[in-house]
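# Coordinate analysis (summary)
Each chain is listed here by its residues.
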Amino acid sequence: MSTHSDIREKKVTTQRLREMKAMGEKIACLTAYDCTMAGLIDAAGVDVILVGDSVATVVQGLDTTVTVTLEHMLYHAGLVRRGVERALVVGDLPFMSYQVNADEALRNAGRMVKEAGVEAVKLEGGEVVCEAVRRMVRVGIPVMGHLGLTPQSIHSFGTYKVRAREAEEAEALKRDALLLEEAGAFAIVLEKVPSELAQEVAESLQVPVIGIGAGPHVDGQILVSHDMLGLYTRFHPRFVRRYATIADDMREAFGRYAKDVRAEAFPTADESY
Ligand code: KIV
């Protein structure tokens with residue numbers, strides 16, 4: 001069994017995440033979409049970097065994640081992979097790349113691993129994706145599940161409000177979490193669900209439960225980097241803590257640069273050849 005300090009230094013693997021849960025050590029996860037940001041996140045000691053299909057909203061400027069393609073995800077995952085040494089890199093499977101059938105799901109997950117170099121994939125849904133999860137796990141592709149507010153289903157949810165407040169949906173979520181674990185998922189993301197429910201799920205599973213808007217009583221947390229940096233400011237959900245105000249800093253820097261160019265204050269002789 002590794003010690004706490006080993007865990008901070010060593011390459012993060014799915015086995016290590018399970019060990020961290022067993023030791024009660026919280027797992028820190030963030031999203032990234034390019035090499036520079038991924039390298040900074042990795043150097044800061046974040047354990048898991050998810051190349052999220054949230055790239056749609058925070059990078060591509062779209063309203064939902066539904067239209068992201070596998071080609072987009074392969075491109076961004078490849079960029080992220082190049083910037084990371086220690087963190088586990090997980091690639092999101094986009095909408096309709098794994099729902100048609102388990103063969104297609106396996107083929108697309110395989111592309112994420114072989115072409116982009118990710119170490120695991122993430123997909124949304126419970127019972128309905130378990131056959132695909134089993135097939136991936138059987139051939140050696142680690143899979144992270146995602147339940148609760150699953151943004152790829154926005155057109156059927158119709159709203160981004162908290163999920164599973166009602167008993168029926170909460171029971172279904174608990175059942176789905178157990179089924180995903182049985183199918184071999186190495187971790188499960190729970191998005192925007194009541195704290196108590198998330199705690200119950202985390203306590204009922206051996207694999208880590210990673211929360212986003214799921215309260216503090218889970219095994220780890222994930223946020224979209226652009227949200228927590230204050231870089232993407234179109235929405236500010238209650239579960240996002242802003243650790244910086246990067247958008248303000250960038251606007252200010254761009255403005256100063258434009259002013260200097262117009263005033264012929266940039267470049268100086270020292271900045272010229
Ligand atoms: O796409 C994404 O960034 C995600 C996280 C919010 C969990 O799925």
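This report concerns the structure included in the present document. These figures come from a predicted structure and were not determined experimentally. (Residues numbered from 1 in each chain as written. Predicted model: local features only at pLDDT ≥ 70, side-chain atom pairs only at ≥ 80, totals over all residues. Heavy atoms only, no water.)

With that settled, the discussion passes to the layout of surface pockets. When its volume is computed, the largest pocket comes out at roughly 860 Å³. Surrounding the largest pocket, 35 residues form its lining, Gln221, Ile222, Leu223, Phe239 and Arg241 being those nearest its centre. Contributions of two or more residues to the lining of the largest pocket are made by β1 (27-31), α3 (35-43), β7 (209-212), β8 (220-223) and α11 (225-228). Tallied by class, the residues present in the lining of the largest pocket amount to 23 nonpolar, seven polar and five charged. Of the voids in this model, the second largest pocket is the one considered here, and its volume is about 630 Å³. Around the second largest pocket, the lining is made up of 29 residues, and of these Thr57, Pro151, Tyr160, Glu191 and Asp227 lie nearest the centre. Of the residues belonging to the lining of the second largest pocket, the class tally is 14 nonpolar, six polar and nine charged. (1 Å grid on protein atoms, 1.4 Å probe; cavity = no way out; pocket = protein on both sides within 12 Å on 5 of 7 lines; lining within 4 Å. Points joined across faces, edges and corners; volume = space filled by probe spheres on them. Helix = DSSP H or I, 4+ residues; strand = E, 2+ residues; numbered from the N terminus. Nonpolar A, V, L, I, M, F, W, Y, C, P; charged D, E, K, R; others polar.)

With that out of the way, let us pick up the side chain of Arg86. Note on placement: Arg86 falls in the loop between α5 (70-83) and β3 (88-92). One polar contact links the side chain of Arg86 to the main-chain carbonyl oxygen of Val46, over a distance of 3.4 Å. (Polar contact = N/O pair within 3.5 Å; in protein donor to acceptor, adjacent residues only side chain to side chain.)

Considering the arrangement of structural elements, one finds Lys122 in strand β4 (residues 120-122). In this structure Lys122 touches Leu50, Val90, Gly91, Asp92, Leu93, Met144, Gly145, His146 and Val189, once residues within four positions along its chain are discounted. (Contact = heavy atoms within 4.5 Å.)

On to the site of the ligand, then. Around the ligand sit Thr31, Leu50, Gly52, Asp53, Ser54, Asp92, Lys122, His146, Val189, Ile212 and Val224, and those are all the residues in its vicinity. Taking Ser54, its side chain carries an N or O atom lying 2.5 Å from an oxygen atom of the ligand. Between the ligand and Lys122 there is a distance of 3.0 Å, counted from an oxygen atom to a side-chain nitrogen or oxygen. Considered on its own, the ligand offers 260 Å² of accessible surface; in the complex 95% of this is hidden by protein. In this structure the site holding the ligand corresponds to the second largest pocket. (Near = heavy atom within 4 Å. Areas by Shrake-Rupley, 256 points an atom, 1.4 Å probe, with all protein chains shown as cover. Sits in = over half its atoms within 2 Å of the grid points.)

Angle between the axes and distance between the axes: these two values describe a pair of packed helices. As a packed pair, helix α6 (residues 102-116) and helix α7 (residues 130-138) sit with axes 9 Å apart at the nearest point and diverge in direction by 45°. Comparing their axes, α7 and α6 come out oblique. Regarding α6 and α7, the two cross each other, and that crossing is right-handed. In contact with Ala102, Asp103, Ala105, Leu106 and Ala109 of α6, α7 contributes Glu131, Ala132, Arg135 and Met136. Split into classes, the residues belonging to the contact of α6 with α7 amount to six nonpolar, no polar and three charged. (Axes fitted to C-alpha atoms, helices over the stretch in contact; angles between N-to-C directions. Parallel < 35°, antiparallel > 145°, perpendicular 65-115°, else oblique. Left-handed = near helix turned anticlockwise from the far one by under 90°.)

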